[in-house]
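Single-letter residue listing:
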Amino acid sequence: MKLSTYSPSNIEEIKQLFTKTFSDSEGQSEGLLIGNLAYDLMTSTDGHDFYVFVATENEQIIGSIIFSRLTFESEVDAFLLGPVAIHTSYQGKGIGQKLINFGLNTLKENGVELAFTYGDPKFYSKVGFSLVAEKLVKAPLKLTYLEGWLGQSLVSDEIEPITGHSYCVEAINKPEYW
Ligand SMILES: CC(C)(COP(=O)(O)OP(=O)(O)OC[C@H]1O[C@@H](n2cnc3c(N)ncnc32)[C@H](O)[C@@H]1OP(=O)(O)O)[C@@H](O)C(=O)NCCC(=O)NCCS
């Protein structure tokens, strides 16, 4: 299994991976929604504002994660992790955690200070995320599950409070993803 940064020639294969994985776990309409989200993030976001990482086995992409920029009124270099997918037949083998750690290390090497995500704390706590109270750091949209707003500092032990609003990139700036 190889971990790497994506190549733009992988966009269609990555979209299919997200569509298939989320169709398997949450039904076809969720699969289409998340496949389209992944595609939009990769095709409509400025190159400085997103990272995509892939896990590859026998030249097939079996996992992918996308980070996109989260902007605050104060100057802080922050990214939002999501969506995340490991091909159904490769789940539960540690690949998701390895790929996320690989991505977080690459972001850190590039000077990123904070990473956030919105998801299941049981899984994301295994890769360093913990609950973020919205009074300390606001999510960009209204959250359906307050307990899913998670973050970690890549430069110190904890996240300092950040005043003001946060803004995500356009592709994920839709209530249905939150
Ligand atoms: C969630 C997902 C990314 C995890 O990747 P993975 O490679 O299967 O996970 P790993 O093998 O690295 O880690 C497994 C651990 O995470 C936990 N875990 C796995 N999937 C989980 C899930 N959906 N929710 C909560 N915990 C989960 C397992 O309990 C396991 O912990 P354990 O070893 O203590 O039992 C993957 O299963 C997946 O793509 N699922 C479908 C799509 C999805 O839900 N994506 C995340 C939301 S954006």
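Notes on the structure follow. (Residues numbered from 1 in each chain as written. Predicted model: local features only at pLDDT ≥ 70, side-chain atom pairs only at ≥ 80, totals over all residues. Heavy atoms only, no water.)

A look at the packing of helix 1 (residues 11–26) against helix 2 (residues 28–44)
Pairs of packed helices are described in terms of their axes, by the angle between the two and the distance that separates them.
Turning to step 1, where the next piece is worked out: Remark: helix 1 packs on helix 2, axes separated minimally by 7 Å, with the N-to-C direction vectors making an angle of 155 degrees. Our classification of the angle between helix 1 and helix 2 gives roughly antiparallel. Where helix 1 crosses over helix 2, the handedness of that crossing is right-handed. For the pair formed by helix 1 and helix 2, the contact residues are Ile-11, Glu-12, Ile-14, Lys-15, Phe-18, Thr-19, Phe-22, Ser-23 and Glu-26 on the first element and Gln-28, Glu-30, Gly-31, Leu-32, Ile-34, Gly-35, Asn-36, Ala-38, Tyr-39, Met-42 and Thr-43 on the second.
Turning to step 2, where the next piece is worked out: Tallied by class, the residues present in the contact of helix 1 with helix 2 amount to nine nonpolar, seven polar and four charged. (Axes fitted to C-alpha atoms, helices over the stretch in contact; angles between N-to-C directions. Helix = DSSP H or I, 4+ residues; strand = E, 2+ residues; numbered from the N terminus. Parallel < 35°, antiparallel > 145°, perpendicular 65-115°, else oblique. Left-handed = near helix turned anticlockwise from the far one by under 90°. Contact = heavy atoms within 4.5 Å. Nonpolar A, V, L, I, M, F, W, Y, C, P; charged D, E, K, R; others polar.)

Quick word on the pattern of salt bridges
Oppositely charged side chains can pair when the atoms bearing their charge come close.
Turning to step 1, where the next piece is worked out: With the rule as written, the count across this model stands at three salt bridges.
Turning to step 2, where the next piece is worked out: Here Lys-20 ties to Asp-24 by a salt bridge, and the two come within 2.8 Å at their closest N and O atoms. A residue pair is termed a helical-turn pair when its members lie 3 or 4 positions apart in one helix, as Lys-20 and Asp-24 do in helix 1 at four residues.
Turning to step 3, where the next piece is worked out: Classification of Lys-20 by relative accessible area gives partly exposed; the value is 42%.
Turning to step 4, where the next piece is worked out: Members of the salt-bridge network, linked through shared partners, are Asp-49, Arg-69 and Asp-77. (Salt bridge = Lys/Arg side-chain N within 4 Å of Asp/Glu carboxyl O. Buried < 20%, exposed > 50% of the residue type's maximum accessible area, 1.4 Å probe, protein only.)

Concerning the environment of Thr-5
Turning to step 1, where the next piece is worked out: Residue placement: Thr-5 occurs in strand 1 (residues 2–5).
Turning to step 2, where the next piece is worked out: Exposure remark for Thr-5: the relative accessible area of 47% places this residue in the partly exposed category.
Turning to step 3, where the next piece is worked out: Taking the C-alpha atoms as reference, Thr-5 lies 14 Å from Gln-60; in sequence the two are 55 residues apart.
Turning to step 4, where the next piece is worked out: Residues contacting Thr-5, with those up to four places away along its chain left out, are Val-52, Phe-53, Val-54 and Phe-102.

Observations concerning the pairing of strand 4 (residues 78–86)
Turning to step 1, where the next piece is worked out: Of all nine residues making up strand 4, nine are buried, and the element is well covered by its neighbours.
Turning to step 2, where the next piece is worked out: The pairing of strand 3 (residues 60–72) with strand 4 spans seven bridges and is classified as antiparallel. Opposite Ser-68, over in strand 4, you have Leu-80 as the bridge partner.
Turning to step 3, where the next piece is worked out: Taking the residues between adjacent antiparallel strands as the criterion, strand 3 and strand 4 are bridged by five residues.
Turning to step 4, where the next piece is worked out: Relative to strand 5 (residues 114–118), strand 4 runs parallel, the two being bridged by four bridges. What sits directly across from Ala-78, in strand 5, is Leu-114.
Turning to step 5, where the next piece is worked out: As for the winding sense of the linkage, the β-α-β connection from strand 4 through helix 3 (residues 95–109) to strand 5 is right-handed. (Pairing = 2+ DSSP bridges. Right-handed = clockwise from strand over helix to strand, strands pointing away.)

Some details on helix 3
Turning to step 1, where the next piece is worked out: The end-to-end C-alpha distance of helix 3, which contains 15 residues, comes to 21 Å, matching closely the 21 Å that a straight helix rising 1.5 Å per residue would cover.
Turning to step 2, where the next piece is worked out: Listed in full, the buried residues belonging to helix 3 are Ile-95, Gly-96, Leu-99, Ile-100, Gly-103, Leu-104, Thr-106 and Leu-107. Buried positions in helix 3, seen along its axis, are confined to an arc of 165 degrees and lie on one side of it.
Turning to step 3, where the next piece is worked out: Directly after helix 3, the chain includes Gly-111, whose backbone phi takes a positive value near 90 degrees. (Expected span 1.5 Å × (residues − 1). Arc of directions from axis to C-beta.)

Describing the nonpolar core
Turning to step 1, where the next piece is worked out: By size, the foremost hydrophobic cluster in this structure holds 38 residues, and its most contacted members are Met-42, Phe-116, Trp-149, Ile-172 and Trp-178.
Turning to step 2, where the next piece is worked out: Looking at this core, the elements with two or more residues in it are helix 1, helix 2, strand 2 (50–57), strand 3, strand 4 and strand 5.
Turning to step 3, where the next piece is worked out: Among residues more than four places away in sequence, those in contact with Ile-172 are Leu-37, Leu-41, Ser-68, Leu-80, Gly-82, Leu-141, Tyr-177 and Trp-178.
Turning to step 4, where the next piece is worked out: Judged by nonpolar contacts, the second largest core, of 22 residues, contains Phe-67, Phe-79, Leu-99 and Ile-100. (Core = buried A, V, L, I, M, F, W, Y, C linked by side-chain atoms within 4.5 Å.)

These results come straight from atomic positions and should not be treated as a statement about function.
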